Each structure stands twice: as structure tokens, then as C-alpha cells.
Amino acid sequence: MRMAIRGLPVVSVTIGLAASLAGCTQPQVPPPAVVATLPPPPAPPPPAMPEGGYRDYQTPAQRSDGSYVTPNFEMTNAAAVWHLRGALNVAALACDQAGGGVLEGYNAWIKAHPAALDAAAQQYLHEWEETGWGDWRDAYEAQQTRLYNFYSQQTIRVAFCAAARNEIGTVATVADADLPAYARAALKRLDKPFIDFYTAFDAWRDYYAPKVPPPKFVATIPEEPVEASAPSAPVTSAQSVPVVPTGGTP
């Protein structure tokens, strides 16, 4: 038997109560997401001294753009050809104990292109003479000595000889007219082992160099000496001055 509350069916009251309870239900809050934290990447290892280096090794000076000073800088065409001949000449004489493979190719190149090499030598010598320096020949000889010493560095011998073997395999096939352009590019390749060594050594040296800043210099202005004033005459009081009696000698 259905009962009515104030004339309303029981079913209506039940539905309304259910709706009221549903409105009071709190929404479920999802749990906070777990964020995985990764450990920081390991620090890079300290730079190593390049093979053949030693503590007191001195790298060449650097220009403002960071490049190193070498004998092959701002060359004329004749200078580039003659410097290439000098570099490969050093390799032919010095690479027997570092893999060899240069002497035969060097001799073949010299014999195959004598006119072009002689013309470059004469033009390069003339360019030094044109400087007008009184000691231009001495300056030329000093430059040649510097060139040979540069490529004769024992610390970079193995890498230099490897680069020289690559060049000696192709230089004999280069036409005389193309030799200046080839020489400029070849000298960059021959210089690369030296540049790589200098870069690696400077990175090692700078890493281990003392990080203590130099002491600050504070300029001090010396104080001017104070001139001593002449001592003033002692002041005596009137009572201490003797009174001379009038009318006679004391």
C-alpha cells in the first residue's frame, strides 16, 4: 500500500532525496603525478696533454681571431709554392722513422716539375729583394730557417708525416699553372697537425693553470712632509720682567 505525504507520492520524495544526496558528493581528486628526476650529467673529463707535449712547451702567439701564427701567412703565389717545397723537403728528410713513404715521391715531384719550382724560387727571392731592405737576404734566410724549424718539430712528427704522405701522393699530378692554388690548400692541410696540437696543449695548460687572481694594486699618494715652524720666543708674564728702579742703577 502506497503512502502519500501531503498528497505527494512516495516515489517523488525518493527521487528528490537521491538527487539531493548526489549533489553533496565531493569530486575525487587525482593523486599528484610523480615526476622522475634524472641525475645531472657527469662533468666532462679534464683535457689531456697531447702526445709529445711537455709542461714547458711554448705554443706560438695567437692573432686576434684566435688563429696561431705560422710561417704560412699572407703569402704570394711564389711563396706558397716554395713553402710547399720546403715542407715536403723536411718530410722527405725526417719521416724515415715515422712511416716513411715521402722521399721517393718528393724526388719524383722535383724531377717532374723543375721549371715551375725554379721559377717560383727566383720570383720569391726577387720579392724579398724588392722590399728595399739592406739586409733582405738575411731576412729571407731567416724565414727559410723558421720554415724548416716549424716543420721539423719532433713533438708533431708522426702526424705531420702522415699528412705529408697524403700530399706527396697527389702533388706530382698537379699542373704547373694550378700549383699555386694547390700549394695554398696543401699548406693548410700540412699545418693542421700543428694547429691541432697547439689547441690541445693550450686547453690542457689553461685548465691546470693557477686560478688565483693577481693581487690588486692600490695606488697610494704619499703625504707631503709638514715643515717644522721656527720655535716661538717664550712668552714671559709681566710679573717676571725685572723692574729697573728709576734714578739709579740696580
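Fair warning: this is a prediction, and the values are worked out from it, not measured in the lab.

A few words on the packing of aromatic side chains. A full pass over the atoms with the stated rule returns 19 aromatic pairs. A ring pair is formed by Tyr124 and Tyr140, whose centres lie 5.8 Å apart and whose planes are at 70°; its orientation type is edge-to-face. Here Tyr124 is found in helix α4 (residues 114-129), whereas its partner Tyr140 is found in helix α5 (residues 136-151), with 16 residues between them in sequence. Per residue, the accessibility class of Tyr124 equals that of Tyr140, and both read buried. Put simply, the rings of Tyr54, Tyr57, Tyr68, Phe197, Tyr198, Phe201, Trp204, Tyr207 and Tyr208 pair up and form one aromatic cluster. Seen from the ring of Phe73, Arg63 lies directly overhead, with NZ or CZ sitting 3.6 Å from the centre. In this structure, Arg189 is placed above the aromatic ring of Tyr182, and the distance from its NZ or CZ to the ring centre is 5.6 Å.

With that settled, consider the layout of surface pockets. Within this model, the largest pocket holds a volume of roughly 260 Å³. Grouping the amino acids of the lining of the largest pocket by side-chain chemistry returns 5 nonpolar, 3 polar and 6 charged.

Moving on, we get to the state of the cysteines. According to the stated counting rule, one finds 1 disulfide in the structure shown. A sulfur-sulfur separation of 2.0 Å characterises the disulfide bridge that pairs Cys95 with Cys161. Here Cys95 and Cys161 share a disulfide; its torsion about the S-S bond, -90°, makes the bridge left-handed. With a gap of 66 residues between them, Cys95 in the loop between α2 (77-94) and α3 (103-112) and Cys161 in helix α6 (residues 157-168) connect regions that are remote in the sequence. The exposure class of Cys95 is buried, given its relative accessible area of 1%. Residue classification places Cys161 among the buried positions, given a relative accessible area of 0%.

As a further point, take the packing of α2 against α5. Between α2 and α5, the shortest axis-to-axis distance is 9 Å and the interhelical angle comes to 45°. Comparing the axis directions of α2 and α5 gives the class oblique. Of the two possible hands of crossing, α2 and α5 adopt the one that is right-handed. Each of Trp82, His83, Arg85, Gly86, Ala87, Asn89 and Val90 in α2 lies in contact with α5, whose residues at this interface are Tyr140, Gln143, Gln144, Leu147, Tyr148 and Tyr151. In terms of residue class, the contact of α2 with α5 is made up of 7 nonpolar, 5 polar and 1 charged.

Quick look at the side chain of Asn72 now. Mapped onto the secondary structure, Asn72 falls in the loop between α1 (10-23) and α2. For Asn72, a relative accessible area of 13% gives the class buried. There is a polar contact of 2.7 Å between the side chain of Asn72 and the side chain of Tyr151.

Our focus in this paragraph is the packing of α2 against helix α7 (residues 179-208). Look at α2 against α7: their axes get within 8 Å of each other, and the N-to-C directions meet at 50°. The angle between the axes of α2 and α7 places the two elements in the oblique class. In the packing of α2 onto α7, the handedness of the crossing is left-handed. On α7, the residues touching Asn77, Ala80, Val81, His83, Leu84, Ala87 and Leu88 of α2 are Leu179, Pro180, Tyr182, Ala183, Arg184, Ala186, Leu187 and Leu190. Counted by class, the contact of α2 with α7 contains 12 nonpolar, 2 polar and 1 charged residues.

Parameters and conventions
Residues numbered from 1 in each chain as written. Predicted model: local features only at pLDDT ≥ 70, side-chain atom pairs only at ≥ 80, totals over all residues. Heavy atoms only, no water. Phe/Tyr/Trp six-rings, centres within 6.5 Å; stacked < 30°, edge-to-face > 60°. Helix = DSSP H or I, 4+ residues; strand = E, 2+ residues; numbered from the N terminus. Buried < 20%, exposed > 50% of the residue type's maximum accessible area, 1.4 Å probe, protein only. Lys NZ or Arg CZ within 6 Å of the ring centre and 35° of its normal. 1 Å grid on protein atoms, 1.4 Å probe; cavity = no way out; pocket = protein on both sides within 12 Å on 5 of 7 lines; lining within 4 Å. Points joined across faces, edges and corners; volume = space filled by probe spheres on them. Nonpolar A, V, L, I, M, F, W, Y, C, P; charged D, E, K, R; others polar. Disulfide = S-S within 2.5 Å. Axes fitted to C-alpha atoms, helices over the stretch in contact; angles between N-to-C directions. Parallel < 35°, antiparallel > 145°, perpendicular 65-115°, else oblique. Left-handed = near helix turned anticlockwise from the far one by under 90°. Contact = heavy atoms within 4.5 Å. Polar contact = N/O pair within 3.5 Å; in protein donor to acceptor, adjacent residues only side chain to side chain.

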